[in-house]
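# Inside the fold
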Amino acid sequence: MTTRLNIAKVDATAYKAMMGLETYLNDIFLTPIQKELIKIRASQINGCAFCLDMHTKDALKYGETPQRIFLLNAWRETDLFTPEEQLLLEMTEEITLIHQKGLTEETFQKAKQLFNEKQIAEVIMAVITINAWNRIGISTHLELLK
């Protein structure tokens, strides 16, 4: 599969706007590993090979274990993830699969138990951002970085 187009070159303004979201995410409360778990899980759901490749490698660089990455798709079936990580993954799934139920009231209430409103907003923005990158990667057939 070859890349259809390079949005960074074809529409630099749009790409710069997306990079603005990435810059914003650098300063939120989530740890680098938590951010990568969100990115990997959303990318698994969306089937974005480019993002899966990038973010699993990044997670390993930040100290994530291969076992947790391998089992991320089945996080509910393990005790490898903290309650906070489980909530982040649940939020990621519900927001990514927005057409099913969206972010449910039950999950939102759980989030309010662990996070303040600004932190909840930051999680939502992190999930939205990787979903946008997934759609760019899939739509343009981004090739894996070698």
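Residues numbered from 1 in each chain as written. Predicted model: local features only at pLDDT ≥ 70, side-chain atom pairs only at ≥ 80, totals over all residues. Heavy atoms only, no water.

## Here's the deal with the pattern of salt bridges
Close approach of charged atoms allows side chains with opposite charge to pair. Note the cut-off: The term salt bridge refers to a side-chain nitrogen of Lys or Arg lying within 4 Å of a carboxyl oxygen of Asp or Glu. Elements are defined by DSSP. Helices are runs of H or I of four residues or more, strands are runs of E of two residues or more, and each kind is numbered from the N terminus. Remark: exposure states derive from per-residue accessible area (1.4 Å probe, protein chains only) relative to the maximum for the residue type, with buried under 20%, exposed over 50%, and partly exposed in between.
Following the criterion strictly, the structure yields 10 salt bridges and no others. The salt bridge involving glutamate 85 is made with arginine 68; its shortest N-O contact spans 2.8 Å. Residue glutamate 85 is found in helix α6 (residues 83-96), and its partner arginine 68 is found in helix α5 (residues 66-70); the two are separated by 17 residues along the sequence. Note that lysine 118 and glutamate 122 form a salt bridge whose closest N and O atoms lie 2.6 Å from each other. Placement of the pair is lysine 118 and glutamate 122 together in helix α8 (residues 117-140), with a separation of four residues, close to one helical turn. Of the residues examined, glutamate 122 reaches a relative accessible area of 5% and is grouped as buried. Each of Glu22, Glu36 and Lys39 takes part in one network of salt bridges that share partners.

## Quick look at the environment of leucine 88
Basically, it comes down to this: In what follows, a contact means two residues having at least one pair of non-hydrogen atoms within 4.5 Å.
Assignment of secondary structure puts leucine 88 in helix α6. Spatially, the C-alpha atom of leucine 88 lies 7.4 Å from that of valine 123, the residues being 35 residues apart in sequence. Every residue in contact with leucine 88, bar those within four places of it in the chain, is listed here: Leu30, Gln34, Ile38, Phe115 and Val123.

## Quick look at α6
Here is the rule we go by: Given the number of residues in a helix, its expected span is that number minus one, multiplied by 1.5 Å.
Look at α6: 20 Å from first C-alpha to last across 14 residues, which is about the 20 Å you get at 1.5 Å a residue. Where burial is concerned, most of α6 is hidden: 11 out of the 14 residues are buried. For α6, the full list of buried residues reads Glu85, Leu87, Leu88, Leu89, Glu90, Met91, Thr92, Glu93, Glu94, Ile95 and Thr96. Close packing links the buried residues of α6 with α3 (32-46), α5, α7 (105-114) and α8.

## Description of the nonpolar core
To keep it simple, the criterion reads: The definition of a nonpolar core used throughout is a set of buried Ala, Val, Leu, Ile, Met, Phe, Trp, Tyr and Cys residues joined through side-chain atoms within 4.5 Å.
If you look at the biggest cluster of nonpolar residues, it comprises 22 residues, and the most contacted ones within it are Leu30 and Ile38. At the level of elements, α2 (12-25), α3, α4 (49-61), α6 and α8 are the ones that each hand at least two residues to this core. The element best represented in this core is α8, accounting for seven residues. For isoleucine 38, the contacting residues outside a window of four places in its chain are Leu30, Leu88, Thr92, Ala126, Val127 and Ile130. Counting residues in hydrophobic clusters, the runner-up holds eight residues, among them Leu37, Ile40, Ile69 and Leu89.

## Remarks on the layout of surface pockets
Put simply, the rule is: Using a 1 Å grid laid over the protein atoms alone, points where a 1.4 Å probe fits but cannot get out form a cavity; open sets with protein on both sides within 12 Å along at least 5 of 7 lines form a pocket; any residue with an atom within 4 Å of a point counts as lining. Grid points are joined across faces, edges and corners, and a volume is the space filled by probe spheres set on the points. Three categories are distinguished: nonpolar for Ala, Val, Leu, Ile, Met, Phe, Trp, Tyr, Cys and Pro, charged for Asp, Glu, Lys and Arg, and polar for the others, with Gly belonging to the last.
Of the voids in this model, the largest pocket is the one considered here, and its volume is about 320 Å³. Taken together, 16 residues line the largest pocket, and the ones lying closest to its centre are Tyr15, Met19, Phe50, Met54 and Trp133. Only α1 (7-10), α2, α4 and α8 provide two or more residues apiece to the lining of the largest pocket. Put simply, the second largest pocket is a space of about 170 Å³. Met1, Gly47, Cys48, Ala49, Phe50, Gly137, Ile138, His141, Leu142, Glu143 and Leu144 are the residues that line the second largest pocket. Counting residues per element, the ones that place at least two in the lining of the second largest pocket are α4 and α8. Split by residue class, the lining of the second largest pocket holds seven nonpolar, three polar and one charged.

## Observations regarding the environment of methionine 91
With respect to the helices and strands, methionine 91 occurs in helix α6. Classification of methionine 91 by relative accessible area gives buried; the value is 0%. It is 28 Å that separates the C-alpha atoms of methionine 91 and leucine 145, two residues lying 54 residues apart in sequence. Methionine 91 has contacts with Leu103, Thr107, Ala111, Ile120, Val123 and Ile124, leaving out every residue within four places of it along the chain.

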